[in-house]
Amino acid sequence: MKLRSIEVWAQHVLDGYSHSSQTFKEALYSESPNLVSAVMERTCNLQCLHCLYPEEKTSAHISREVGLTDIVQNMVRQLPAGSSFLHAGRIVRPWHVEVLASLRALRGSEIALGLIDNGSYTRLMKHFERLSLRLDWIDVSVDGDEFAHNAQRNSRNAYAAAREGIRMGRQVADKVTSLMTLTKLNSHTTQSVIETLLMSGEVDELHFTPASPYGEQIVPLIMGVPETRAAFAGLQQVAADAAIASKIFYRMYRVEDLELLAQAIGHAAVREGLEQGIVDQGRILFHVNGVEVTYFPLSIWPQEEVLIDADGTYRVAGSGQYSLEQYVRGEQNVSAYTADQLTATSDLIASYRKAVRHWWNFAGRQHLAQELNVIGRIMAHAEPQSDSV
């Protein structure tokens, strides 16, 4: 039986069984992506401090020129039943709602429809009503208490807009969730967010993930050990309640954040979690002090999603840190984030396999070497008495 890419990864990184690059690529080739996400607008009503996207003008005219609607519909048409489509931002336009409605008409309940937003979608409630569109889930991000959220979102009104988006979420979606991007500005507020949003029943799930240092402006916000310890402590405080703990998720993509977690709460706890973890598609799930932790290795990123940018291109992880104008100019190192130019007739699997080859040569191998090195340190670490909380 052929191994999945996450199983190859686990054997290679956790079990000490060496696999070749070809084995990794073949495992990825054999998998079928089950998520198409689209960045359907490059401009935003906010310019958040933690956001990897630069400030841009609207990309709507570019999307029209390349036929983004047809490209998205074509890719979603080819997804296997049980897959998902995600409107990944940055803000929602009226024509985006029409695209979502067209996908519902195209695939019905075979495909789950999701939307990530900052609360701005509430301006378009009439469009949802007119099209009788109901999403499977909507995520309205809340980045801390009101003070922390507004500071991180660089807006005095951002928190109120997000809370309104959560309050109205059940009018347009079956499930309402919230993702908190953790930084030095808000790491101390995790328990408060859980109490405000989850314990009150306003949201069905809360997800927490450390900010990634894409761009010089984000680096000062990246958590260190003290902030990671504070953020995770807030989750641990409520994890004793099994009903609440089952709705809280700590997600990591960078192996550096996995090591930070080990340094913050104890290498032994993370090591045990990794050893007893469950490998799922593209991720490993484990529990630390009652909190569910999910780690998505970047080395095998392609199977996580087919990422369609606003200009109709299939791009890879981290691509959002560059503007569409930079891609058009072909600036040095920027074009490497483009895997394929999509059309209304592109073959999903062929484009996905092209992305696998591109990613592996561009970044996958380097990520794997780093993952092997860092996780090796975690697994071999001799736990000092003072290391645990």
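Residues numbered from 1 in each chain as written. Predicted model: local features only at pLDDT ≥ 70, side-chain atom pairs only at ≥ 80, totals over all residues. Heavy atoms only, no water.

Viewed as axis vectors pointing N to C, helix 7 (residues 146–153) and helix 8 (residues 158–167) meet at an angle of 110 degrees, and their least axial separation amounts to 8 Å. If you check the angle between helix 7 and helix 8, you find them roughly perpendicular. Only A158, Y159 and A162 of helix 8 make contact with helix 7, whose side of the interface consists of E146, H149, N150 and R153. Tallied by class, the residues present in the contact of helix 7 with helix 8 amount to three nonpolar, two polar and two charged. (Axes fitted to C-alpha atoms, helices over the stretch in contact; angles between N-to-C directions. Helix = DSSP H or I, 4+ residues; strand = E, 2+ residues; numbered from the N terminus. Parallel < 35°, antiparallel > 145°, perpendicular 65-115°, else oblique. Contact = heavy atoms within 4.5 Å. Nonpolar A, V, L, I, M, F, W, Y, C, P; charged D, E, K, R; others polar.)

This part is about helix 13 (residues 267–276). Residues H267, V270, R271, G273 and L274 constitute the buried set of helix 13. What you see down the axis of helix 13 is that its buried residues fit within an arc of 160 degrees, all on one side. Turned more than 90 degrees away from the buried face of helix 13 sit E275 and Q276, all of them exposed. Summarising the contacts, the buried residues of helix 13 are in contact with helix 12 (255–265), strand 9 (283–288) and helix 15 (348–380). (Buried < 20%, exposed > 50% of the residue type's maximum accessible area, 1.4 Å probe, protein only. Arc of directions from axis to C-beta.)

With that out of the way, let us pick up helix 15. With 33 residues, helix 15 extends only 41 Å from end C-alpha to end C-alpha; this falls clearly short of the ideal 48 Å at 1.5 Å per step. Largest kink in helix 15: about 60 degrees, centred on W360. For helix 15, the side-chain oxygen to backbone nitrogen distance between the N-cap and I349 is 3.2 Å, and the N-cap itself is D347. (Expected span 1.5 Å × (residues − 1). Bend = angle between axes of the 7 residues up to and from the residue. Polar contact = N/O pair within 3.5 Å; in protein donor to acceptor, adjacent residues only side chain to side chain.)

Our focus in this paragraph is unusual backbone geometry. Note the cis peptide between G89 and R90, where omega equals 0 degrees. Within the secondary structure, R90 sits in the loop between strand 2 (84–89) and helix 5 (94–107). For S132, which is not a glycine, the phi torsion comes out positive at approximately 50 degrees. If you trace the backbone, S132 turns up in the loop between helix 6 (125–130) and strand 4 (135–140).

Membership of the largest hydrophobic core comes to 113 residues, with the highest contact counts inside it found for W9, F85, Y121, Y250 and I308. The leading source of residues in this core is helix 15, at eleven residues. If we skip the residues at most four places from it in the chain, I308 touches V36, S37, A38, V39, L68, I71, V72, M75, T313 and L342. (Core = buried A, V, L, I, M, F, W, Y, C linked by side-chain atoms within 4.5 Å.)

Now for the confidence of the model for the protein chain. The predicted structure's coordinates, where accompanied by low pLDDT, should not be read in detail. Scored by pLDDT, the protein chain has a mean of 94; 98% of the residues are at 70 or more. Low pLDDT, under 50, characterises residues 385–389; the predicted model gives this stretch twelve contacts beyond four residues in sequence or across chains. (pLDDT = per-residue confidence, 0-100.)

Before going further, it helps to examine the pairing of strand 10 (residues 291–295). Of all the five residues making up strand 10, five are buried; the element is thus mostly covered by neighbouring parts of the structure. Burial along strand 10 is two-sided: V291, V293 and Y295 facing one way and E292 and T294 facing the other are all buried. Where strand 7 (residues 248–252) and strand 10 come together, four bridges link them in parallel fashion. Across the sheet, residue R251 finds its bridge partner in strand 10, namely T294. Here five bridges tie strand 9 to strand 10, and the two strands are oriented antiparallel to one another. Bridge assignment links I284 to a residue of strand 10, and that residue is Y295. The hairpin turn running from strand 9 into strand 10, its antiparallel successor, is two residues long, and N289 in that turn takes a positive phi close to 50 degrees. (Pairing = 2+ DSSP bridges.)

In this description, a pair of aromatic rings is defined by centroid distance and the angle of the planes. According to the stated counting rule, one finds ten aromatic pairs in the structure shown. A centroid spacing of 5.2 Å and a plane angle of 85 degrees characterise the contact between F232 and Y250, whose relative ring orientation is edge-to-face. Placement of the pair is F232 in helix 10 (residues 225–238) and Y250 in strand 7, with a sequence separation of 18 residues. Y250 matches F232 in its accessibility class, with the two residues each being buried. Linked through ring pairs, W301, Y322, Y327, Y337, W359 and F362 together constitute an aromatic cluster. A cation over an aromatic ring shows up here: R315 above the ring of Y327, its NZ or CZ 3.6 Å from the ring centre. (Phe/Tyr/Trp six-rings, centres within 6.5 Å; stacked < 30°, edge-to-face > 60°. Lys NZ or Arg CZ within 6 Å of the ring centre and 35° of its normal.)

Moving on, we get to the pattern of salt bridges. What the rule picks out here adds up to 22 salt bridges. Ionic pairing is found between R42 and E56, a salt bridge with its closest N-O pair at 2.5 Å. On the criterion of sequence distance, the pair formed by R42 in the loop between strand 1 (35–39) and helix 3 (60–66) and E56 in the loop between strand 1 and helix 3 is long-range, its members being 14 residues apart. The class of R42 is buried, set by a relative accessible area of 0%. (Salt bridge = Lys/Arg side-chain N within 4 Å of Asp/Glu carboxyl O.)

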